[in-house]
Amino acid sequence: LASSATREFAVKKGGSFKVEVEYACEEDSSGATIGLSIAGKALEFEAKGTGGWSSFKKVTLGPIEIDSDTKATAMVVAKSKPKYAAMNLRSVRLVK
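No experiment lies behind these values; they were computed from the predicted model shown.

Analysis parameters
Residues numbered from 1 in each chain as written. Predicted model: local features only at pLDDT ≥ 70, side-chain atom pairs only at ≥ 80, totals over all residues. Heavy atoms only, no water. Buried < 20%, exposed > 50% of the residue type's maximum accessible area, 1.4 Å probe, protein only. Helix = DSSP H or I, 4+ residues; strand = E, 2+ residues; numbered from the N terminus. Pairing = 2+ DSSP bridges. Phe/Tyr/Trp six-rings, centres within 6.5 Å; stacked < 30°, edge-to-face > 60°. Polar contact = N/O pair within 3.5 Å; in protein donor to acceptor, adjacent residues only side chain to side chain. Contact = heavy atoms within 4.5 Å.

Novice: Break down the pairing of strand E3 (residues 32–38) for me, with residues and values.
Specialist: Of all the seven residues making up E3, five are buried; the element is thus mostly covered by neighbouring parts of the structure. With seven bridges connecting them, E3 and strand E4 (residues 41–47) associate as antiparallel partners. Residue pairing for E4: threonine 33 is matched across the bridge by glutamate 46.

Listed below in C-alpha cells is the structure:
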C-alpha cells in the first residue's frame, strides 16, 4: 500500500476553495495524521474511523486560495501511521 498520492491538475478560474477529502478507515487503524499540499498550500487532518475500509465519509478542509490559469499539484501523504494502514482514499475535490 502506498503512503502518498500525487496528481497534477489545471485551475482555469481561481479563487477561494474548500478541500473535500473522501476516505474510509477501519476503527482499529484510526489516528493517522494526513497531510495535503494543494497548489503549495498545506493542510492536515486526522483520519478517524469511518466504520470500515469501504465505508467512506467526507471531511472538508480549508479554505485555500488558488490563482486563475494555474497548473498545480495535489499531494496527499500519511505523515503518521500509528497502525498498519492510514486510510483508503477515494477522492480529493476543490469546491467553490
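Novice: Help me get a handle on the packing of aromatic side chains, residues and values and all.
Specialist: Tallied over the full model, the rule gives two aromatic pairs. When the centroid spacing of 5.5 Å and the interplanar angle of 50° are considered together, the rings of tyrosine 23 and phenylalanine 45 count as tilted. You can see tyrosine 23 sitting in strand E2 (residues 15–25) and its partner phenylalanine 45 sitting in strand E4, a full 22 residues away along the chain. Judged by relative accessible area, phenylalanine 45 falls into the buried class, the value being 9%.

Novice: Before we move on, can you summarise the side chain of threonine 50 with the specific residues and values?
Specialist: Within the secondary structure, threonine 50 sits in the loop between E4 and strand E5 (52–66). Among the polar contacts listed, one links the side chain of threonine 50 to the backbone oxygen of serine 55, at a separation of 2.6 Å. Setting aside chain neighbours within four positions, we find threonine 50 in contact with Tyr23, Ala24, Cys25, Glu27, Ser55 and Lys57.

Novice: Would you mind going over unusual backbone geometry in detail, with residue names and values included?
Specialist: The omega angle of the peptide bond from glycine 62 to proline 63 is 15°, so this bond is cis rather than trans. With respect to the helices, strands and loops of the structure, proline 63 is situated in strand E5. Although it is not a glycine, aspartate 69 sits at a positive phi angle of roughly 50°. Within the element layout of this structure, aspartate 69 appears in the loop between E5 and strand E6 (70–80).

Purely geometric numbers; function is a separate question.
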